[in-house]
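Here's the letter readout for the chains.
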Number of protein chains: 2
Amino acid sequence: MPTAEGSLGFTRTERAVLFTGDDPLVLAGGRRLGPVEVAYETYGTLSPERDNAVFVCHALTGDAHAAGHHGDPGRVGWWDNLIGPGKPLDTDRFFVICPNLLGGCQGTTGPTSPDPHTGRPYGLDFPMLQMTDFVTVHRRLLEHLGIDRLRAAVGGSLGGMQVLQWAVDAPEQVRDAVVVAASSRLTAQNIAFSAVAREAIMRDPDFSDGRYAENGRPPHLGMAIARMMAHITYLSEEAMTEKFGRRLQGDEPAGSRMGLGVDFQVESYLNHQGETFLDRFDALSYLYLTRVMDYFDPFADPAAVERIADGGSRFLVVSFDSDWRFDTAHSRRIVRTLEHAGVPTSFREIRSAWGHDSFLLRPPGYHETIEAFLDGAAR
Amino acid sequence: MPTAEGSLGFTRTERAVLFTGDDPLVLAGGRRLGPVEVAYETYGTLSPERDNAVFVCHALTGDAHAAGHHGDPGRVGWWDNLIGPGKPLDTDRFFVICPNLLGGCQGTTGPTSPDPHTGRPYGLDFPMLQMTDFVTVHRRLLEHLGIDRLRAAVGGSLGGMQVLQWAVDAPEQVRDAVVVAASSRLTAQNIAFSAVAREAIMRDPDFSDGRYAENGRPPHLGMAIARMMAHITYLSEEAMTEKFGRRLQGDEPAGSRMGLGVDFQVESYLNHQGETFLDRFDALSYLYLTRVMDYFDPFADPAAVERIADGGSRFLVVSFDSDWRFDTAHSRRIVRTLEHAGVPTSFREIRSAWGHDSFLLRPPGYHETIEAFLDGAAR
């Protein structure tokens, strides 16, 4: 059974214009957006009955490239360990779809896309988004692919929040909902971390009121700081200790090299994370997408919970015990609300030392739980 | 009994030149520094036997003004709830001393002081400091005041780390050591938070290689971000939830005002903390002092523990259960090491919702514990 990483081989990002100026996307906030182009990938084959589609929703800085590789077999998609022949999202059985989300910067229309009214990038004229807007675009993509109903929707972190919103907006369309390391409502501390990241970006002189794309000088200072700080919250304290401890860079004794720069290995790691982020992510997308998370609070509306209950979706909620970005209390809250409404819900807290990032890894029991849930759903 | 806040009335910061060019401070790293001026305050009266001195060590951004007020009775010192007549550091009984620490920016020589060799502020030519350098200066201040031995040394956070170092360097001089919400060794995560703060400051274009004092344009962007991030770590998640929850600024419904700015109350709080910090603290001091904390690791040297054990100091170690900057595990490690070496050590974890900041507040049992420890020591 070919279960090695990258077993899907070469995969490719497709693009589709799903909304146009004449047929715009009507956002929850009331504004209209068109054209909207969406980048997406698919893996596996859609069954003749069109009943084996599994939709994957990515996290904050993810993209459409979830599995396989784009030419370099050493660099596979971000969820390649989950998606492929014989893997939990088994491409021998499922037709897996993963789009870059609305407001993103990796192929789907976002704040750096050209505003058709001006020909310039939208910048801060891009409309504010809500979680439901992501789902509206995802549903249009399904329509484009000729699929009525999903066998499953699966997502981690912000991806899990999209899955939850989908079950609110169109529960009849989602048979099985897999919500991993997510939240139905950020805490003040969650919001605080994102707020400081946004401030770092917007206060960067190079942010230029969101017009940096035009002068080719993005707010690298703010972006690097935002990413470094975020990375602290993605790893557990335990994982950081195991990975870096108090080890210094190089071999010299501490006293001989003490300075204000990169002395400790953990500093080198954070700097590296900050730098590599600059090449692959956009500052405005970071602002818009984090804000969507801050405002997300679907259970504030009792009717939303009723809609899920009436719709017949079945849930798997997964948390990781060392995740302190969205700790298990966030997942328990989702589970409690769903169960209270009579929604069939499985919950599993997975032991893992790796904090929030665990949803991208393979701690024991995690993939097995998803596989068993989807298998159980099949019966 | 006058226990109201500010019961000390008007207090004043004194200054003393404790080291000169001819009699320089010899730093642990080998460099020499002179002159060194120290700002300090004292409260209460030194006994004729000179045996009632209590030394207070401040935290990262503290200063010499620990109690009383400087003219505005509404603005009292940072530890006024602990210091005063009838309070745990009872100025009717004790002579309390609090200096601004070396490398600081509030009266004591630091990186923005003039370098006698150039006449310009030191900037990044200021030497790297170690915890023991603070103690060397504190001890010279005692000498200046004609005091041989301390009845007690007391400090929270970085202040507690100074107390611990004092007990290593000159245990015979510290009868009772009170170490609150401190650490004997930062974790990778602790270092990571400080590292990102330093990067935010040093990457700010206005940092100007540490020469900002000369052009009068300090790195406000970096400083505000550093402070905002630090404040997240000072409050517990629980306290943030209680204090701000997900409440929005103003009264409008969420949808009508959603933007990228200060929408949530927690964002307003962080912005305010960032702004007020700019007026009162210096960027280079922030860099130098946080670095001292990163490198602090006294128990790495077994001889250090032996010196404490031989010196006869008695310890009280206090932690707060919701403190996640230096959680109780940090305090337990100190306690375990001291007890293993036979040092008389009391330990108390105080219940408090307010996280690391609790050491500045009065959660039930906290002040009582310090008072009882100092009373017990008196018998």
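Just above, that's the structure.
Residues numbered from 1 in each chain as written. Chains lettered and ligands numbered in written order. Predicted model: local features only at pLDDT ≥ 70, side-chain atom pairs only at ≥ 80, totals over all residues. Heavy atoms only, no water.

1. A look at the overall build of chain A
The criterion, for reference: Each helix is a run of DSSP H or I of at least 4 residues and each strand a run of E of at least 2, with the numbering of both proceeding from the N terminus. A radius of gyration in this sense is built from C-alpha atoms; the matching globule rule multiplies 2.2 Å by the number of residues raised to 0.38. Positive charges come from Lys and Arg, negative ones from Asp and Glu, while His and the chain ends are left out of the count. By convention, the point assigned to a charge is CZ for Arg, NZ for Lys, CD for Glu and CG for Asp.
The number of helices and strands found in chain A is 12 helices and 12 strands. For 379 residues, the compact-globule estimate of 2.2 N^0.38 gives 21 Å, and chain A sits close to it at 21 Å. Taken along the three principal axes of its C-alpha coordinates, chain A extends 70 × 50 × 45 Å. The positive charge centre, built from 36 side chains, and the negative charge centre, built from 50, are 2 Å apart in chain A.

2. Digging into the sheet that holds strand β4 (residues 36-43) of chain B
Residues and elements named next belong to chain B. Our working rule: Following DSSP output, two strands are said to pair if at least two bridges run between them. Angles here are taken between N-to-C directions and fall from 0 to 180 degrees, while the axes themselves are lines fitted to C-alpha atoms, restricted in helices to the stretch in contact.
Taken in spatial order, the 8 strands line up as β1-β4-β8-β5-β9-β10-β11-β12 in an open sheet, and their pairing is mixed. Only two strands of the sheet have a single neighbouring strand rather than two, namely β1 (14-19) and β12 (345-350). Averaged over all neighbouring strand pairs, the angle between strand axes comes to 20°, with direction disregarded. Pairing geometry for strand β5 (residues 53-57) and strand β9 (residues 150-156), over 4 bridges, is parallel. From the neighbouring strand, phenylalanine 55 faces β9, where its bridge partner is alanine 153.

3. Focus on the packing of aromatic side chains
Put simply, the rule is: The rule is short: rings of Phe, Tyr and Trp, with Trp giving its six-membered ring, pair when the centres are within 6.5 Å, and they are stacked under 30 degrees, edge-to-face over 60, tilted in between. Each residue is assigned to one of three classes by its accessible area relative to the maximum for its type, calculated with a 1.4 Å probe on protein chains only: buried under 20%, partly exposed between the two thresholds, exposed over 50%. Any Lys NZ or Arg CZ found within 6 Å of a ring centre and within 35 degrees of that ring's normal is scored as a charge over the ring.
Applying the stated rule across the entire model yields 28 aromatic pairs over all chains. Taking 5.9 Å as the distance between ring centres and 40° as the angle between the ring planes, the aromatic pair formed by B:Phe207 and B:Tyr212 counts as tilted. What makes B:Phe207 buried here is its relative accessible area of 3%. Grouped by ring-pair contacts, the aromatic residues A:Phe193, A:Trp324, B:Phe193 and B:Trp324 constitute a single cluster. A cation over an aromatic ring shows up here: A:Arg227 above the ring of A:Phe277, its NZ or CZ 4.4 Å from the ring centre.

4. Some thoughts on the relation of the copies chain B and chain A
Defined as follows: Overlaid copies result from least-squares superposition on C-alpha atoms, with residues included only where pLDDT is at least 70 in both. We call two residues in contact when some of their heavy atoms are within 4.5 Å.
The transform that puts chain B on chain A rotates by 180° and translates by 0.0 Å along the axis, for an RMSD of 0.0 Å. The superposition operator between the copies reduces to a two-fold rotation axis. When the interface residues of chain B are mapped onto chain A, 100% of them again fall at the interface, so both copies present the same face.

5. Side note on the pairing of strand β10 (residues 174-180) of chain A
Here is the rule we go by: Crossover handedness is defined here as right-handed if the route from the first strand over the helix to the second strand goes clockwise, with the strands pointing away from the viewer.
Counting buried positions along β10(A) gives 6 out of 7 residues, so the element sits mostly inside the fold. Of the crossover connections in this fold, the one passing from strand β9 (residues 150-156) of chain A over helix α2 (residues 158-169) of chain A to the parallel β10(A) is right-handed.

6. Points about the sheet that holds β10(A)
Pairing between the strands of a sheet is mediated by backbone hydrogen bonds and can be parallel or antiparallel. All names here are of chain A. Taken together, 8 strands build an open sheet; the order of strands is β1-β4-β8-β5-β9-β10-β11-β12 and the sheet is mixed. Across the chains shown, the open sheet's two edge strands, defined by having one partner strand only, are β1 (14-19) and β12 (345-350). With direction set aside, neighbouring strand axes in the sheet form an average angle of 20°. Sheet topology places strand β11 (residues 314-320) next to β12; 6 bridges connect them, and they run parallel. Note on β12: the bridge partner recorded for serine 319 is glutamate 349. Against the sheet, helix α1 (residues 131-144) contacts β1, β4 (36-43), β5 (53-57), β8 (95-99) and β9, and its axis sits at roughly 110° relative to β1. Across the sheet, α2 touches β5, β9, β10 and β11, and the angle it forms with β9 is around 140°.

7. Concerning the environment of B:Glu41
All names here are of chain B. Stated formally: In the analysis that follows, any N or O atom pair within 3.5 Å is treated as a polar contact, provided that within protein one partner can donate a hydrogen and the other can accept it, and provided that, for residues neighboring in sequence, both atoms belong to side chains.
In this structure, glutamate 41 sits in strand β4. Residue glutamate 41 is classed as buried on the basis of its relative accessible area, which comes to 0%. Separated by 155 residues in the primary sequence, glutamate 41 and valine 196 place their C-alpha atoms 33 Å from one another. Setting aside residues up to four positions removed in sequence, glutamate 41 forms contacts with Thr11, Arg12, Thr13, Ala64, His65, Ala66, Ala67, His70, Val96, Ile97 and Cys98. There is a polar contact of 3.5 Å between the side chain of glutamate 41 and the side chain of threonine 11. A distance of 2.6 Å separates the side chain of glutamate 41 from the side chain of histidine 70, its partner in a polar contact.

8. Remarks on the environment of A:Val305
Residues and elements named next belong to chain A. Assignment of secondary structure puts valine 305 in helix α10 (residues 302-311). Separated by 168 residues in the primary sequence, valine 305 and valine 137 place their C-alpha atoms 22 Å from one another. With residues up to four places along the chain from it excluded, the contact list for valine 305 reads Phe299, Thr337 and Ala341.

9. Regarding the packing of α1(A) against α2(A)
Residue and element names in this part refer to chain A. For the record, the criterion: The labels follow the angle: roughly parallel below 35 degrees, roughly antiparallel above 145, roughly perpendicular from 65 to 115, and oblique for the rest. Under the grouping applied here, Gly and all other residues not named as nonpolar or charged are polar, the nonpolar ones being Ala, Val, Leu, Ile, Met, Phe, Trp, Tyr, Cys and Pro and the charged ones Asp, Glu, Lys and Arg.
Interhelical geometry of α1 versus α2 gives an angle of 75° and a closest axis separation of 9 Å. Compared by their axis directions, α1 and α2 come out roughly perpendicular. Note on element contacts: α2 touches α1 through Leu158, Met161, Gln162, Gln165, Trp166 and Asp169, opposite Met131, Thr132, Phe134, Val135, His138, Arg139 and Leu142. For the contact of α1 with α2, the per-class residue count stands at 7 nonpolar, 4 polar and 2 charged.

10. Considerations on the nonpolar core
Counted only if it meets this: Within this scheme, the nonpolar core is defined by two criteria: the residues are buried Ala, Val, Leu, Ile, Met, Phe, Trp, Tyr or Cys, and they are joined through side-chain atoms within 4.5 Å.
A:Tyr286 and B:Tyr286 are the most contacted members of the largest nonpolar core, which has 200 residues in total. With near-sequence residues (within four places) excluded, A:Tyr286 lies in contact with A:Leu60, A:Thr61, A:Ala197, A:Ile201, A:Met223, A:Ala226, A:Ala230, A:Phe277 and A:Phe281.

11. Section: the pattern of salt bridges
Heads up, the rule is: Any Lys or Arg side-chain nitrogen located within 4 Å of an Asp or Glu carboxyl oxygen qualifies as a salt bridge.
Using the criterion set out here, one finds 40 salt bridges over all chains in the structure. In this structure, A:Asp294 engages A:Arg198 in a salt bridge whose closest nitrogen and oxygen atoms are separated by 2.7 Å. You can see A:Asp294 sitting in helix α9 (residues 283-295) and its partner A:Arg198 sitting in helix α3 (residues 188-203), a full 96 residues away along the chain. When sorted by exposure, A:Asp294 lands in the same class as A:Arg198, which is buried. In this structure, B:Glu267 and A:Arg198 form a salt bridge, with 2.8 Å as the shortest nitrogen-oxygen distance. A residue pair is termed interchain when its members come from two chains, as with B:Glu267 in helix α8 (residues 265-280) and A:Arg198 in helix α3. The buried category is assigned to A:Arg198, whose relative accessible area is 1%. Each member of the salt-bridge network shares a partner with another, and the members are A:Arg198, A:Arg291, A:Asp294, B:Asp263 and B:Glu267.

Such coordinate-based values are descriptive only and should not be taken to indicate function.
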